[in-house]
Structure formats: C-alpha cells, structure tokens
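Fold and contact review
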Amino acid sequence: MVGWLVCLAGPDRGRDFRLHAEKNFIGRSPAMDVCVAGDETVSRDRHALVIFDPKKHAFWAVPGDASGLVYLNGDIVHSPTPMQRDDVLEVGQTKLVLVPFCGEKYSWSRELMATREMEIADRGV
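The text that follows walks through the structure, step by step, so that each part is easy to find. (Residues numbered from 1 in each chain as written. Predicted model: local features only at pLDDT ≥ 70, side-chain atom pairs only at ≥ 80, totals over all residues. Heavy atoms only, no water.)

**A closer look at the overall build of the protein**
Regarding its fold elements, the protein presents one helix and eleven strands. Reading the secondary structure of the protein in the N-to-C direction produces β-β-β-β-β-β-β-β-β-β-β-α. Here the protein holds 125 residues, and 34% of them are scored as buried. Sequence-distant contacts, at least 24 apart, represent 36% of the contacts inside the protein between residues at least 6 apart. Here the protein displays about 7,500 Å² of accessible surface, and carbon together with sulfur accounts for 51% of that area. (Helix = DSSP H or I, 4+ residues; strand = E, 2+ residues; numbered from the N terminus. Buried < 20%, exposed > 50% of the residue type's maximum accessible area, 1.4 Å probe, protein only. Contact = heavy atoms within 4.5 Å. Areas by Shrake-Rupley, 256 points an atom, 1.4 Å probe, with all protein chains shown as cover.)

Have a look at this one:
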C-alpha cells in the first residue's frame, strides 16, 4: 500500500481506494484496482491508471485504453503526468484526490528502511 485515492464527487463519494506500487487500473469492473462501479460514465476497463514508481517514489496519472477522457486538476491528461499530494483526478463524473503514503518520508523499500534505522541508531534514539 503506497497511498489512497479518496472520492470527492460522484456516486462513490466518501469512499477510499488503496493504491499499490506500480500500476493501479481505474474502471467500473470489479477486476480493476480502483473500481468505481457506480459511475456509468467511467469505462468498464482501464479508463485511467495511477502509477507509483517505487524507484523514484513518484505518482503518475496516465490515460487508459478506453475512449473516456481523464483530467488532472482540470487539465486533460494526454500522457503520463506527475501527481502530487491533493491533486484531483477526474474520470467520468468521479473526482478522486491523491493521498500519498509512500514518498520521501515513508517507504516499503528495505534499503531505505535500513538506512533510516542506522540513522536513528547513530543519534542514540
């Protein structure tokens, strides 16, 4: 788990969706990582993607294979576009805000966790 998308508007308003590392597919199908089943204006499969790059600790918005458009903060997404905390992704009538967990401060990377543990030990905490 690297963060969440929280639904701000649309049929799933108030619901949160967990994101995992790498590709998170968004659509109405239960097979999608982020299933917004209640929004008939969202394509069934792969309307959009949110990618978390574990090497660079970065989130990206990507248009999917479907015919529906994807917007990030009101601007159309034509190609992979960097996402930041509190950015709003719009698919159909659904608006999803990014709430990241992993980044510079937290990571599931063993190397990073080991480095942080050594830093804490060096400080005597």
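**Focus on the pattern of salt bridges**
The full count for this structure, using the stated rule, is two salt bridges. R28 is the partner of E40 in a salt bridge, and the nearest nitrogen-oxygen pair spans 3.6 Å. Here the residue E40 occupies a position in the loop between β4 (34-35) and β5 (48-53), and R28 occupies one in the loop between β3 (22-27) and β4, the gap between them amounting to twelve residues. Here E40 falls in the exposed class, since its relative accessible area comes to 62%. Residue R46 is joined to D65 by a salt bridge in which the shortest nitrogen-to-oxygen separation is 3.6 Å. Residue R46 is located in the loop between β4 and β5, and its partner D65 is located in the loop between β6 (58-63) and β7 (70-72); the two are separated by 19 residues in the primary sequence. (Salt bridge = Lys/Arg side-chain N within 4 Å of Asp/Glu carboxyl O.)

**Structural notes on the layout of surface pockets**
Roughly 210 Å³ of internal volume is contained in the largest pocket. Along the walls of the largest pocket sit K56, H57, A58, F59, M83, Q84, R85, P100, C102, G103 and E104, which together make up its complete lining. In the lining of the largest pocket, the residues fall into five nonpolar, three polar and three charged. (1 Å grid on protein atoms, 1.4 Å probe; cavity = no way out; pocket = protein on both sides within 12 Å on 5 of 7 lines; lining within 4 Å. Points joined across faces, edges and corners; volume = space filled by probe spheres on them. Nonpolar A, V, L, I, M, F, W, Y, C, P; charged D, E, K, R; others polar.)

**Digging into the sheet that holds strand β10 (residues 88-91)**
The strand order across the open sheet built from six strands is β2-β1-β11-β10-β7-β8, with neighbouring strands paired in antiparallel fashion. In this open sheet, the two strands that pair with only one neighbour each are β2 (16-19) and β8 (75-76). Direction of pairing for β10 relative to strand β11 (residues 94-100): antiparallel, over a ladder of four bridges. Considered in β11, the bridge of V88 is made with V97. (Pairing = 2+ DSSP bridges.)

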